[in-house]
Amino acid sequence: EARYQQAFERGLDYILMAQYPNGGWPQFFPPGKQYHRHITFNDNAMVRLMAFLREVFSEERYAFAGEARRTAARTAFARGVDCILKCQIRVDGKLTAWCAQHDEKDYSPRPARTFELASLSGAETVGIVRLLMSLDKPSPEVVQSVQAAAAWLESARLTGIREELRDDPKAPKGRDKVVVNDPSAPSLWARFYEIGTNRPLFCDRDGIAKYSLAEIGAERRNGYSWLGDWPKALLEKEVPAWKARQGL
């Protein structure tokens, strides 16, 4: 039905219009003046937009979108890849990972909400690497980027600890999240790492960096995903398979 096609086209045009000239996307469009204006990898926002645009220009089921829009989607995707490569953070000249958001002008890592500091992301980096690994005939720059990010994720692995919820009548919801020592626990990664030291970061709404989950208040400690196994499958299965395909 024509009305569905028109709605699709308006949505696609909105996505294309929202892209910055440098290839990034803000969290909101129009972006305003707050942190929403930054290039946003948080929660895989930009990665998901790019995956959709690739579907539009590469899959025949989107032929109805027309050649002009499909060409625009292809161009936007390519610019997005270029932006991703420019955002990758260097520490002492060495490529590492990405922040959850980057400056829309100079690509530098930027904070968002008060408890989301400028940092290296153990979560968002995974989605970015998966997107780069999905590229056909990746350029040397893309190969270098993937290998460097995978090496950083490996270096950021946290061992000998696990996270558990304990009953605590003093906690706001009767349970409290704690980190305990466990030599047999599977690896974890922090959502945020301090740039330059690779120390896991935790933060309350006051914006003051802390270095253990126990140091922050119950509200943020239990209300955010500070630790997880986001890179596990990527490092154990996907990166080795990608390297084999690339003959690395």
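These numbers were taken from a predicted model, which means no experiment stands behind them.

Draft legend 1. Region of interest: unusual backbone geometry. Cis geometry marks the peptide bond from Phe 29 to Pro 30; its omega dihedral reads -5 degrees. Inspection of the secondary structure assignment puts Pro 30 in the loop between helix H1 (2–18) and strand E1 (39–40). The phi dihedral of Tyr 107 is positive, around 70 degrees, even though this residue is not glycine. As for its position among the elements, Tyr 107 is in the loop between strand E4 (101–102) and strand E5 (120–121). Even without glycine at this site, Asn 198 takes up a positive phi of about 65 degrees. Note on placement: Asn 198 falls in the loop between strand E9 (192–193) and strand E10 (202–203). Note on Asn 198: relative accessible area 24%, which makes it partly exposed.

Draft legend 2. Layout of the packing of aromatic side chains. Tallying each qualifying case throughout the model produces 13 aromatic pairs. On the basis of an interplanar angle of 65 degrees and a centroid distance of 5.0 Å, the ring pair of Phe 8 and Phe 64 is categorised as edge-to-face. One end of the pair, Phe 8, is in helix H1; the other, Phe 64, is in the loop between helix H2 (45–58) and helix H3 (67–87), and 56 residues separate them in sequence. Taken together, a centroid distance of 6.0 Å and an interplanar angle of 20 degrees make the contact between Phe 192 and Tyr 224 stacked. Note that Phe 192 is positioned in strand E9 and Tyr 224 in the loop between helix H6 (218–222) and strand E12 (227–228), a separation of 32 residues in sequence. Across this residue pair, the class does not change: Phe 192 and Tyr 224 are buried. Seen from the ring of Tyr 211, Arg 199 lies directly overhead, with NZ or CZ sitting 3.6 Å from the centre. The ring centre of Phe 115 lies 4.5 Å from the NZ or CZ of Arg 220, which sits over that ring.

Draft legend 3. The arrangement of the pattern of salt bridges in detail. Enumeration according to the criterion identifies 21 salt bridges in this entry. The residue Arg 61 makes a salt bridge to Glu 55 at a minimum N-O spacing of 3.3 Å. The salt bridge involving Arg 162 is made with Glu 164; its shortest N-O contact spans 2.4 Å. The exposure class assigned to Arg 162 is partly exposed, which follows from its relative accessible area of 32%. Each of Arg 162, Glu 164, Arg 166 and Asp 182 takes part in one network of salt bridges that share partners.

Rules behind the numbers
- Residues numbered from 1 in each chain as written.
- Predicted model: local features only at pLDDT ≥ 70, side-chain atom pairs only at ≥ 80, totals over all residues.
- Heavy atoms only, no water.
- Helix = DSSP H or I, 4+ residues; strand = E, 2+ residues; numbered from the N terminus.
- Buried < 20%, exposed > 50% of the residue type's maximum accessible area, 1.4 Å probe, protein only.
- Phe/Tyr/Trp six-rings, centres within 6.5 Å; stacked < 30°, edge-to-face > 60°.
- Lys NZ or Arg CZ within 6 Å of the ring centre and 35° of its normal.
- Salt bridge = Lys/Arg side-chain N within 4 Å of Asp/Glu carboxyl O.

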